[in-house]
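Letter by letter, the chains look like this.
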Amino acid sequence: MDLKSFIHALPKTELHLHLEGAVAAPTVIDLANRHGIALPDFSDDSDIFDFADLAAFLKVYDIICASIRTPDDFRRVTYEALQRCADSNVRYAEFFFSPGAHLPHGVTYTDMLDGVIGGMHDAERDMRIASRLIPAINRELGPDNAEEFLDMVLADRRDEVIGIGLDYLEAPFPPGPYAAVYERARAAGLKATAHAGESGPASNIRDSIAMLGCARIDHGYHIVDDPALVAACKETQIGFTCCPSTTHYTTIWRNLEAPDHPIRTMIGAGLNVVINTDDPGLFRVDLDHEYLLVTEKMGVPRAMLAELTLNGIRASWLDEGTKAQITREWQAEIAPLLAEANPA
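Residues numbered from 1 in each chain as written. Predicted model: local features only at pLDDT ≥ 70, side-chain atom pairs only at ≥ 80, totals over all residues. Heavy atoms only, no water.

### Overview of the pattern of salt bridges
This is how the line gets drawn: Salt bridge, as used here, is a side-chain nitrogen of Lys or Arg placed within 4 Å of a carboxyl oxygen of Asp or Glu. Only DSSP runs of H or I covering at least 4 residues are called helices, and only runs of E covering at least 2 are called strands; the numbering of each starts at the N terminus. Residue exposure (1.4 Å probe, protein chains only): buried if accessible area is under 20% of the type maximum, exposed if over 50%, otherwise partly exposed.
Scanning the entire structure with this criterion turns up 17 salt bridges. A salt bridge links Arg 184 to Glu 147, with the nearest nitrogen and oxygen atoms 2.7 Å apart. Of this pair, Arg 184 sits in helix α7 (residues 179–187) while Glu 147 sits in helix α6 (residues 143–155), and the two are 37 residues apart along the sequence. Look at Arg 184 and you get partly exposed, because its relative accessible area is 30%.

### Observations regarding unusual backbone geometry
Of note, the phi angle at Arg 128 is positive, near 60°, even though the residue is not glycine. Mapping Arg 128 onto the fold places it in the loop between α5 (109–127) and β3 (130–138).

### Things to note about helix α14 (residues 302–315)
For clarity, the cut-off: Expected helix span is computed as 1.5 Å times (number of residues minus one).
Counted at 1.5 Å a residue, the expected span for α14 with its 14 residues is 20 Å, and the 20 Å between its end C-alpha atoms agrees. Those residues of α14 not exposed but buried are Leu 305, Ala 306, Leu 308, Thr 309, Leu 310, Asn 311, Gly 312, Ile 313 and Ala 315.

### Looking at the environment of Ile 129
Condition: By definition in these notes, contact holds between two residues if any of their heavy atoms fall within 4.5 Å.
The residue Ile 129 is located in the loop between α5 and β3 in this model. For Ile 129, a relative accessible area of 0% puts it in the buried group. Taking the C-alpha atoms as reference points, Ile 129 and Asp 319, separated by 190 residues in sequence, lie 17 Å from one another. Each residue touching Ile 129, except ones within four places of it in the same chain, is listed here: Leu 82, Cys 85, Ala 86, Val 90, Arg 91, Tyr 92, Ala 123 and Glu 124.

### Overview of the pairing of strand β8 (residues 272–275)
The side chains of a regular strand alternate, first on one face of the sheet and then on the other. Under the convention used in this document: DSSP calls a pair of strands paired once it identifies at least 2 bridges connecting them.
Residue alternation in β8 divides its side chains into two sets, Asn 272 and Val 274 and Val 273 and Ile 275, and both sets are buried. As paired elements, strand β7 (residues 239–242) and β8 share 4 bridges and run parallel to each other. Paired with Phe 240 across the two strands is Val 273, which belongs to β8.

### Thoughts on the side chain of Asn 311
The test is simple: Here a polar contact is recorded for every N or O atom pair within 3.5 Å, except that within protein the pair must consist of a potential hydrogen donor and a potential acceptor, and residues adjacent in sequence are included only if both atoms are side-chain atoms.
With respect to the helices and strands, Asn 311 occurs in helix α14. Judged by relative accessible area, which is 7%, Asn 311 ranks as buried. One polar contact links Asn 311 to Arg 314, side chain to side chain, over a distance of 2.7 Å. Excluding its chain neighbours within four sequence positions, the residues that come into contact with Asn 311 are Leu 271, Asn 272, Val 273 and Val 274.

### Observations regarding the environment of Val 153
As for its position among the elements, Val 153 is in helix α6. For the pair Val 153 and Asp 207, spaced 54 residues apart in sequence, the C-alpha separation works out to 24 Å. Once you skip the residues sitting within four places of it in the chain, Val 153 turns out to touch Tyr 109, Pro 135, Val 161 and Leu 190.

### Section: the nonpolar core
The line we're drawing: For the purposes of this section, nonpolar cores are sets of buried Ala, Val, Leu, Ile, Met, Phe, Trp, Tyr and Cys residues that join through side-chain atoms within 4.5 Å.
By size, the foremost hydrophobic cluster in this structure holds 108 residues, and its most contacted members are Tyr 182, Phe 240 and Leu 305. What Leu 305 contacts, discounting residues up to four positions off in sequence, is Leu 3, Phe 6, Ile 7, Leu 10, Tyr 291, Val 294, Thr 295 and Val 300.

### Some thoughts on the packing of helix α13 (residues 287–298) against α14
This is how it is decided: Lines fitted to C-alpha atoms define the axes here, with helix axes fitted over just the stretch in contact, and angles between the N-to-C directions of these axes take values from 0 to 180 degrees. An angle below 35 degrees is treated as roughly parallel, one above 145 as roughly antiparallel, one from 65 to 115 as roughly perpendicular, and anything else as oblique. In a left-handed crossing the near helix is turned counterclockwise from the far helix by less than a right angle, and in a right-handed crossing that turn is clockwise.
Packing of α13 against α14 brings their axes to within 11 Å, and their N-to-C directions diverge by 140°. When the axes of α13 and α14 are compared, the pair comes out oblique. Considering only the axes of α13 and α14, their crossing is right-handed. Touching Tyr 291, Val 294 and Thr 295 of α13 are Leu 305, Leu 308 and Thr 309, all from α14.

Set out below in structure tokens:
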């Protein structure tokens, strides 16, 4: 079995995907034109997704958010995002969306949820991909805004909403000030994750775990700067949702083949690494492509690719019984793939 076929056949999870970043360029253009949103000049559809750094990326991200206005818009982009996942044999997804980016455009949180959850149900019906939703706090708006954000989330609880996240520009906005809002969210039964160690220091990872009570870390690359933290996280097996392609744009590690690339180092150190796409529409990737990068650029063998897919179940927020059942099923599905890849 060739490598691409092997990767595609692996059952997968997607635990780090931003709904707004998963919108394909033609859909952005269609929605923006429909709602009268000005777009930058472009000669080809994909040109609107050209950016040099994280700050420029977030500007494009804001245009996308402004273009998603109605429950039907949210339903459409959710369905298309999960369709892209299913095309890479993703069976289960926990994905982010950014309510705070849509509220200024007159969209209510209830309308957002109605549309997103409708798209989730449509995708599960049509493609047998189960999913859960993680509203994400914009850390740039400060902890007072985050408290209001959580009030909004708790006032309209849905079974599909499984936790909260913390994203946007990390480096100037450490996690500590959000400890109180995270404590309240966890007390209400929400799981907790946070973007940490992407553009910020390893201390942001440590504080996200210790102060926010995070059960998972998104990105986490600067953990490699703190060997003691690496050892502690190996012991607890907290999940790290890593995204190979986006490290080229949003981190200091621009060469995926570098021996010191943090994803390579984190896998080698025995951390619970999960491979994800982050913003597949913006970066024009899919999950099969990300797994291919990990093996072609970082030398990760097929047996470890299979283990990384199982890490997705281990790091998910499914209940323990469901995790155990899916792990057994996937191990049985993966074993013949490995046998065919390595007949000896």
